[in-house]
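# Understanding the architecture of this molecule
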Amino acid sequence: MGWWALAAALPCEAGDARLTTEAAAPTVDDGVVRAALGTYVHGMTPELATSLVGRAGIPTLRVLLRDPGFPRRDNVVAMIACLDDGTATEDLLASLAAPQASLDTAEEDRAMLLAPQALGDIAARGDDRALQALLDMVRPGADGGVLRRAAQAGDDPAALLADLLRQALVGLARAGAPEAIDRLEELAGGGPAPVGAGLDVAGAAAEALDLAASLHAGLPDDPAFSRGAVTGTPVPKTLDAQVSVHDTGITYANHVEVPLPMVDEVLDLVLRDASLRAGRAETTADVACCITLSRAGTAGAWGKVGDGLAVVDTSAEMTTVLNTSVARAKVVRLINDCGGAATNIIGCAWTPGNGMAMVRMSSLAQEGITWIHEYGHNTGSVHSGNLRDIMYALNNGLNDALTQAQCDRFHSPHVSAMATPVVTGSCGDADGDGVHDLIDNCLQVLNPNQLDSDLDGVGDVCDPPDCGNNVREGSESCDGIDLGGQTCVGLGHDGGVLSCNPDCTLNASLCTDTPGCPDADGDGYQSSQCNPSKKTGGGDCNDADRNIRPGAPEICGDGIDQDCNGRDKPCRRR
Ligand SMILES: [Zn+2]
């Protein structure tokens with residue numbers, strides 16, 4: 001039994017050579033932004049961060065760090081941790097002192113937890129400011145300082161402060177400087193601790209010392225950890241060669257400290273997404289694999305508050321998590337080790353074996369990919385080399401391909417996976433659309449895209465047009481609020497409101513048209529010849545004279561209708 005980790009077992013301080021230049025003004029590099037939007041299943045490493053963005057990307061990362069709207073600030077902090085030697089220290093401290101984004105996504109929660117650890121990696125590259133900031137956080141009698149302010153952003157500030165203090169101890173371990181180790185030894189020995197921590201500081205400091213020893217001992221890579229890419233053999237786009245469909249039930253449990261636990265309803269959608277990715281042949285190197293994954297039982301819970309296992313920092317902790325027998329899949333909060341240190345790992349699994357661990361993601365598709373990827377490791381599959389592969393090491397949102405060999409392992413997993421797939425049908429593809437029959441949402445009609453706009457489980461091409469369900473189908477031009485993206489302007493009118501008739505045809509009667517209607521004299525009223533209504537800006541009975549318009553002062557008895565009311569005003573007799 002081995003681990004699977006793509007990452008080399010190097011802590012981030014083993015990064016590239018230091019540069020001394022820094023961009024004068026923040027500029028945003030689109031390539032860096034794209035890289036920071038990626039999902040790195042097995043975490044960020046110095047090698048990966050260097051190849052993706054390099055130190056030249058740090059100014060952009062600093063801009064993204066300050067942007068509360070950027071959705072993957074966890075990646076930003078992880079990349080900074082792997083690359084920076086001090087230029088981003090103040091930005092990290094500012095992000096802790098005044099958290100800008102709410103912590104109600106798993107990504108923001110990880111970004112916050114990673115910040116003290118990133119300071120540790122930066123300190124390990126010689127930045128004294130980062131080291132002093134970490135020492136300040138755990139000074140005897142200190143109240144957490146910047147961490148206390150950061151914790152105010154959480155639903156439970158006291159609990160978040162304890163978590164952040166633990167991360168500060170991890171940061172000191174990663175820094176590895178003599179002052180850092182001295183401080184950890186004082187705390188581990190029961191020395192004066194920060195006040196009001198709500199944390200077993202001595203125990204957490206002892207764990208951090210163990211981490212420091214493993215990070216800085218210069219040990220060779222453990223040969224039990226498998227690494228590197230194994231390229232799958234491309235096969236033509238085709239149906240699975242197996243005769244039956246197999247379903248595998250996945251049991252799961254959340255660590256009690258996970259702030260956004262996985263729940264049954266979401267996991268059902270995640271595994272349905274995963275099953276479609278497996279069961280549809282999208283590329284020439286993909287088979288429509290006749291397997292499904294489903295939820296087995298309901299959400300379990302494991303771990304204890306303060307056991308340190310919600311944040312996995314060491315291979316020993318990951319072993320404990322993977323071997324926890326409560327369920328196959330264990331949901332944790334943050335992973336920094338999967339048979340080797342990396343930062344912000346998304347998932348980790350025995351390859352083969354019974355045990356997988358993953359964090360939450362905000363995107364259903366990315367969770368679907370992560371769950372089937374990690375279970376794929378359990379069946380015995382290692383990484384393969386095509387960008388679209390489910391077993392590709394980078395979760396890019398497009399991973400949906402399985403080779404026949406990988407598919408076969410879902411049908412007949414390695415014995416140590418301790419999985420028992422059950423037959424749920426025969427493997428076929430009646431309409432030849434590359435989606436096997438058991439999951440095809442329109443069995444007899446070719447619909448490789450499986451679109452199901454009204455989410456009724458029946459594909460759009462099989463849905464009878466149902467006028468009145470607010471979804472445009474078949475020959476309908478519109479249906480209720482679904483106008484098919486049409487607007488009055490799109491139909492050639494000047495403006496107004498487009499709507500849908502009860503028979504699902506477009507209703508343009510409230511679209512407005514004043515094309516070319518002049519206001520030649522510039523008095524604010526268009527010529528009454530094309531726009532007779534003064535209420536809509538027309539009604540000018542003489543568009544060549546500014547003094548003649550609706551509402552203009554009327555001169556009596558001159559034979560001219562200045563106010564365009566249809567007649568000259570008679571003068572009163574004196
Ligand atoms: Zn993997």
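No experiment lies behind these values; they were computed from the predicted model shown. (Residues numbered from 1 in each chain as written. Predicted model: local features only at pLDDT ≥ 70, side-chain atom pairs only at ≥ 80, totals over all residues. Heavy atoms only, no water.)

## Things to note about the overall build of the chain
Looking only at helices and strands, the chain features 15 helices and 21 strands. Here the C-alpha radius of gyration of the chain, 32 Å, is well above what a compact globule of 574 residues would show, namely 25 Å. Along the first, second and third principal axes, the C-alpha set of the chain runs to 110 × 65 × 40 Å. The buried share among the 574 residues of the chain stands at 50%. Put simply, of all contacts in the chain between residues at least 6 apart along the chain, 62% involve residues at least 24 apart. Element-wise, carbon and sulfur atoms account for 55% of the exposed surface of the chain, whose accessible area totals about 24300 Å². (Helix = DSSP H or I, 4+ residues; strand = E, 2+ residues; numbered from the N terminus. Rg over C-alpha atoms; globule rule 2.2 N^0.38 Å. Buried < 20%, exposed > 50% of the residue type's maximum accessible area, 1.4 Å probe, protein only. Contact = heavy atoms within 4.5 Å. Areas by Shrake-Rupley, 256 points an atom, 1.4 Å probe, with all protein chains shown as cover.)

## As for the pattern of salt bridges
Across all of its chains, the model carries 18 salt bridges by this definition. When the shortest N-O distance is used, the salt bridge between Arg-62 and Asp-91 registers 2.8 Å. Of this pair, Arg-62 sits in helix α3 (residues 58–65) while Asp-91 sits in helix α5 (residues 89–97), and the two are 29 residues apart along the sequence. Look at Asp-91 and you get buried, because its relative accessible area is 8%. One salt bridge in this structure joins Asp-268 and Arg-295, with 2.7 Å as the shortest N-O distance. Of this pair, Asp-268 sits in helix α12 (residues 264–279) while Arg-295 sits in strand β8 (residues 291–295), and the two are 27 residues apart along the sequence. Overall, Asp-268 belongs to the partly exposed group, its relative accessible area being 35%. Because the salt bridges share partners, they merge into one network encompassing Arg-62, Arg-66 and Asp-91. (Salt bridge = Lys/Arg side-chain N within 4 Å of Asp/Glu carboxyl O.)

## Some details on the packing of aromatic side chains
Within a pair of aromatic rings, the relevant descriptors are the distance that separates the centres and the angle that separates the planes. Taken as a whole, this structure holds 2 aromatic pairs when the rule is applied. Relative to Trp-371, the ring of Tyr-252 has its centre 6.2 Å away and its plane inclined at 75°; by these criteria the two rings are edge-to-face. With Tyr-252 in strand β6 (residues 252–255) and Trp-371 in helix α14 (residues 364–379), this pair connects stretches of sequence that are 119 residues apart. The two residues Tyr-252 and Trp-371 agree in class, both being buried. Residues Tyr-375 and Phe-410 carry aromatic rings whose centres are separated by 5.7 Å and whose planes lie at 55° to one another, so their mutual orientation is tilted. (Phe/Tyr/Trp six-rings, centres within 6.5 Å; stacked < 30°, edge-to-face > 60°.)

## What about the nonpolar core?
Within the largest apolar cluster, 72 residues are counted, with the highest numbers of intra-cluster contacts made by Leu-92, Leu-96, Met-137, Leu-147 and Leu-169. At 11 residues, helix α9 (residues 157–175) tops the list of elements feeding residues into this core. Residue contacts for Leu-92: discarding those within four places in its chain leaves Leu-65, Val-77, Ile-80, Ala-115, Ala-118, Leu-119 and Ile-122. Counting residues in hydrophobic clusters, the runner-up holds 28 residues, among them Ile-250, Met-358, Ile-372 and Tyr-375. (Core = buried A, V, L, I, M, F, W, Y, C linked by side-chain atoms within 4.5 Å.)

## Observations regarding a negative patch on the surface
A surface patch of like charges, here negative, comprises Asp-128, Glu-179, Asp-182 and Glu-185. For Asp-182, the location among the structural elements is in helix α10 (residues 178–188). Residue class for Asp-182 comes out partly exposed when judged on its relative accessible area of 45%. (Patch = residues over 30% accessible without salt bridge, like charges linked within 9 Å, V, L, I, M, F, W, Y side chains within 5 Å. Lys, Arg positive; Asp, Glu negative; His and termini not counted. Charge placed at Lys NZ, Arg CZ, Asp CG, Glu CD.)

## Comments concerning the state of the cysteines
Disulfides are covalent bonds that connect the sulfur atoms of two cysteines. Taken as a whole and assessed by the stated rule, the structure comprises 9 disulfides. What pairs with Cys-467 in a disulfide is Cys-504, and their sulfur atoms sit 2.0 Å apart. In this structure the cystine formed by Cys-467 and Cys-504 twists about its S-S bond by roughly 105°; its chirality is therefore right-handed. Separated by 37 residues along the polypeptide, Cys-467 in the loop between β17 (422–426) and β18 (495–496) and Cys-504 in the loop between β19 (499–500) and β20 (506–507) bring together distant segments of the chain. (Disulfide = S-S within 2.5 Å.)

## Regarding helix α7 (residues 128–137)
Listed in full, the buried residues belonging to α7 are Ala-130, Leu-131, Ala-133, Leu-134, Leu-135 and Met-137. Those residues of α7 that are buried lie in contact with α5, α6 (106–124), α8 (146–151), α9 and α10.

## Describing the sheet that holds strand β12 (residues 334–337)
With mixed pairing, the 3 strands of this open sheet are ordered in space as β10-β12-β13. At either margin of the open sheet sits one strand with a lone partner, and together these are β10 (311–312) and β13 (341–345). Across 2 bridges, the pairing between β12 and β13 is antiparallel. Pairing of Asp-337 across the sheet is with Ala-341, part of β13. (Pairing = 2+ DSSP bridges.)

## Brief notes about the sheet that holds strand β5 (residues 244–250)
Taken in spatial order, the 3 strands line up as β8-β5-β17 in an open sheet, and their pairing is mixed. Unpaired on one side and paired on the other, β8 and β17 mark the two borders of the sheet. Along the sheet, successive strands turn relative to each other by an average axial angle of 30°, direction set aside. Inspection of the sheet shows β5 paired to β17 by 4 bridges, in the antiparallel sense. The partner of Val-245 across the bridge, within β17, is Gly-425. (Axes fitted to C-alpha atoms, helices over the stretch in contact; angles between N-to-C directions.)

## Here's the deal with the confidence of the model for the chain
A residue-level look at the chain finds 91% of positions with pLDDT of 70 or above and a mean pLDDT of 84. Here residues 3–25 is a poorly scored stretch, pLDDT under 50, and it has 72 contacts once near neighbours within four places are set aside; other chains count. Throughout residues 218–237 the model reports pLDDT below 50, and contacts reaching past four residues in sequence, or to other chains, amount to 42 contacts. (pLDDT = per-residue confidence, 0-100.)

## Side note on helix α11 (residues 201–216)
Within an α-helix, residues lying three or four positions from one another point in the same direction, as the helix has 3.6 residues per turn. The terminal C-alpha atoms of α11, which comprises 16 residues, lie 22 Å apart, in line with the 22 Å expected from a rise of 1.5 Å per residue. Burial in α11 covers these residues: Val-201, Ala-204, Ala-205, Ala-208, Leu-211, Ala-212 and Leu-215. Taken end-on, α11 shows its buried residues confined to a sector of 115°, consistent with a single buried face. Buried residues along α11 sit in contact with α9, α10 and β13. (Expected span 1.5 Å × (residues − 1). Arc of directions from axis to C-beta.)

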